[in-house]
Amino acid sequence: MREYILTLTEPGQLLSGVSFGLASLLVMVASCAAVLGVIALNGMFLVWWERKVSAHMQARLGPMTTGYWHGWLQSIADGIKLLLKETIVPLLVDKPLFMLAPVVIFGSAFMAFVPIPWGEHLIVADLNIGVLYITAITSLSVIGVVMAGWASNNKWSLYGGMRSAAQIVSYEIPVGLAMVPALMASGTLSMQGIVESQAGGFWHWNLFAGGPFTLIAFVVFFIASLAEVNRAPFDLPEAESELVSGFHTEYSGMCFAFFFLAEYSEMFVVSAIASVLYLGGWQCPLGLSLIPGPLLFLAKILFLVFIQLWFRWTFPRLRVDQLMHLAWKVLTPIGFVNVFGAALWLVLI
Amino acid sequence: MIFNYGNVLVFAIAATLFVTVTMLVSRLLQPSVYDTEKLTSYECGMRPVGSAWVQFSIRFYLVALAFIIFDVEILFLFPWSVVFTAAGLAALVKMGIFIAILLLGLAYAWQRSDLDWVKQVMSPEEGSF
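Rules used throughout
Residues numbered from 1 in each chain as written. Chains lettered and ligands numbered in written order. Predicted model: local features only at pLDDT ≥ 70, side-chain atom pairs only at ≥ 80, totals over all residues. Heavy atoms only, no water. Helix = DSSP H or I, 4+ residues; strand = E, 2+ residues; numbered from the N terminus. Rg over C-alpha atoms; globule rule 2.2 N^0.38 Å. Contact = heavy atoms within 4.5 Å. Areas by Shrake-Rupley, 256 points an atom, 1.4 Å probe, with all protein chains shown as cover. Buried < 20%, exposed > 50% of the residue type's maximum accessible area, 1.4 Å probe, protein only. Axes fitted to C-alpha atoms, helices over the stretch in contact; angles between N-to-C directions. Parallel < 35°, antiparallel > 145°, perpendicular 65-115°, else oblique. Left-handed = near helix turned anticlockwise from the far one by under 90°. Buried area = accessible area lost by both parts, 1.4 Å probe. Salt bridge = Lys/Arg side-chain N within 4 Å of Asp/Glu carboxyl O. Polar contact = N/O pair within 3.5 Å; in protein donor to acceptor, adjacent residues only side chain to side chain. Nonpolar A, V, L, I, M, F, W, Y, C, P; charged D, E, K, R; others polar. 1 Å grid on protein atoms, 1.4 Å probe; cavity = no way out; pocket = protein on both sides within 12 Å on 5 of 7 lines; lining within 4 Å. Points joined across faces, edges and corners; volume = space filled by probe spheres on them. Patch = residues over 30% accessible without salt bridge, like charges linked within 9 Å, V, L, I, M, F, W, Y side chains within 5 Å. pLDDT = per-residue confidence, 0-100.

**What to know about the overall build of chain B**
So, point 1. The secondary structure content of chain B amounts to two helices and zero strands.
So, point 2. By the compact-globule yardstick of 14 Å for 129 residues, chain B is too spread out, its C-alpha radius of gyration being 26 Å.
So, point 3. For chain B, restricting intrachain contacts to residue pairs at least 6 apart in sequence, the fraction spanning at least 24 positions comes to 44%.
So, point 4. If you sum the accessible surface of chain B, you get close to 8500 Å²; carbon and sulfur atoms cover 72% of it.

Below, the structure written as structure tokens:
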């Protein structure tokens, strides 16, 4: 990164004559803008895609009119509508907290993009503790959820917020445990380092590095990360039939749009983490370099996101007690056994 | 490395600015009609009964406590997992002992049914908890 900026400031380059401090600030701001673009496009695309996938799974058509071709402009129309809608702040809410909650949730989803490697040199910042950073930042969203639930002064919001907090912190444990086998196989905490250690075809992926144990770890990670991002079948915090809309019942207009945007970027982020840890990130499955890395990475992420959408229309929602049972009595013990299985496999075989 | 964390700081500021600015733009564009009925809390269309800032089940705190214990444990697992091939079998055995102690804790909480969402509370005549 530092070297890259220094080459940019050399004579004849894009930022020639600019001081190092200013140049690095410009690069940082540019990367912020790029990530914002990714988040916005991803949100718009995923909303449209989810509606289309759900519709086709139920033998419907979904949005068809806006934009003439399969309703592809539907999300943009929805976005503009949300921008123009009145933001209703009920009289009894705790106003500072109420307005801060979308910032916290969106911020945590946005900052999680920092250590995600898109290609060999395409990364915002290759943090040396990337995995630790990403677990820390994504779990910040639970603070926003509790904030929104509490500040709304609404019973549905409070129930949704507390349930969501309990769910996210419970599933944090299996997620963390399921990351460990991949870290063992790669021997580094840097996201870029993990991807680089999986070069040379799909048989070098961490998915197959620890025999059956890394495979199980990947499945545990995927299931637990669904709960982390409140996706079906773990969408209890916003179980419409019982909690109206969960922690964002009282939110409207742009405030609601930020919760929505954050949810879709979190889906994207957990899929990105799963593909970095286990599916080789931007590495080609066949060990070739014909297709650009970012495209391969995007394809892997969208594949995992598609499975998330598919799950939504396949599995019924869990009950709260079943949810806790799954986290503490099934996934956590499996995670521990898995860590030791993978360790023994890697040491002995 | 500090340079890389500068990026994190810039991202945090950018997120806050982005949300604030978008909300301000939306504030300028949106209609604003005052109506006391509209500004009441939503409770299925009825008038809200009392405040929502009430006590909630203590079991949420138990879940949070269990989370903290195991999250700290995972924090210890992360650095170990990076160096465990170099640290060798001795480190593996030590980590095994450390985790076994915490698994005992999990077994204890499980046996006390602290991990169940609805705890079966027995009366003093029936049982011991």
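**Looking at the overall build of chain A**
So, point 1. Along chain A, the regular secondary structure elements total 13 helices and zero strands.
So, point 2. Counted from the first residue to the last, chain A has its helices and strands arranged as α-α-α-α-α-α-α-α-α-α-α-α-α.
So, point 3. Here chain A has a C-alpha radius of gyration of 21 Å; the compact-globule value for 349 residues is 20 Å, and the two agree.
So, point 4. Its C-alpha atoms put chain A at 55 × 55 × 40 Å along the principal axes.
So, point 5. Residues counted as buried form 59% of the 349 residues belonging to chain A.
So, point 6. Intrachain contacts of chain A at a sequence separation of at least 6 include 74% that bridge at least 24 residues.

**Observations regarding the packing of helix α6 (residues 141-151) of chain A against helix α7 (residues 155-186) of chain A**
Residues and elements named next belong to chain A.
So, point 1. For the pair α6 and α7, interaxial distance at closest approach is 7 Å and the crossing angle is 165°. When the axes of α6 and α7 are compared, the pair comes out roughly antiparallel. With respect to the hand of their crossing, α6 and α7 are arranged in left-handed fashion. Within the contact between the two elements, α6 uses V142, V145, V146, A148, G149 and W150 and α7 uses S157, L158, G161, S164, A165, I168 and V169.

**Focus on the interface of chain A and chain B**
So, point 1. If you look at the interface, chain A gives 84 residues, while chain B gives 65 residues.
So, point 2. Both sides of the chain A and chain B interface together cover about 6800 Å² of buried area, and 79% of this is carbon and sulfur.
So, point 3. Joining chain A to chain B, the criterion identifies zero salt bridges.
So, point 4. Seen at the junction of chain A and chain B, the total is seven residue pairs in polar contact (both at pLDDT 80 or more).
So, point 5. For the side of chain A that touches chain B, the residue count by class is 58 nonpolar, 15 polar and eleven charged.

**Regarding empty space enclosed by the protein**
All names here are of chain A.
So, point 1. Following the criterion strictly, the structure yields four cavities of 30 Å³ or more and no others.
So, point 2. For the lining of the largest cavity, the secondary structure elements donating two or more residues are α5 (130-138), α7, α9 (212-228) and α11 (253-277).
So, point 3. Considered class by class, the residues forming the lining of the largest cavity number eight nonpolar, four polar and three charged.
So, point 4. What lines the second largest cavity is a set of 13 residues, among which I105, V145, N230, F247 and E266 lie closest to the centre.
So, point 5. When contributions to the lining of the second largest cavity are tallied by element, the ones reaching two or more residues are α6 and α11.

**Examining a nonpolar patch on the surface**
So, point 1. A contiguous nonpolar surface patch, about 1000 Å² in accessible area, is contributed by M44, I76, I80 and L84 of chain A together with L9, I13, L17, V21, V25, L28 and L29 of chain B.
So, point 2. Of all elements in the fold, only α3 (74-84) of chain A together with α1 (2-29) of chain B reach the threshold of two or more residues within the nonpolar patch.
So, point 3. Residue contributions to the nonpolar patch peak at seven residues, all from α1 of chain B.
So, point 4. Along the polypeptide, I13 of chain B turns up in helix α1.
So, point 5. Of the residues examined, I13 of chain B reaches a relative accessible area of 47% and is grouped as partly exposed.

**What to know about the environment of P292 of chain A**
Residue and element names in this part refer to chain A.
So, point 1. By the element assignment, P292 lies in the loop between α11 and α12 (293-312).
So, point 2. Overall, the relative accessible area of 47% leaves P292 in the partly exposed class.
So, point 3. As a C-alpha pair, P292 and E120 span 172 residues in sequence and 9.9 Å in three-dimensional space.

**Concerning the confidence of the model for chain A**
So, point 1. The pLDDT averaged across chain A works out to 85; a share of 97% of its residues lies at or above 70.
So, point 2. Confidence, read as mean pLDDT per element, is least for helix α1 (residues 2-8) of chain A in chain A (69) and greatest for α9 of chain A (90).

**Side note on the pattern of salt bridges**
Residues and elements named next belong to chain A.
So, point 1. Tallied over the entire structure, the rule returns four salt bridges over all chains.
So, point 2. We note a salt bridge from E50 to R231, for which the minimum N-O separation is 2.8 Å. One end of the pair, E50, is in helix α2 (residues 20-57); the other, R231, is in the loop between α9 and α10 (240-243), with 181 residues separating them in the sequence. The residues E50 and R231 share a single accessibility class, namely buried.
So, point 3. One salt bridge in this structure joins E50 and R312, with 2.6 Å as the shortest N-O distance. Pair noted here: E50 is in helix α2 and R312 is in helix α12, with a separation of 262 residues, a long-range link.

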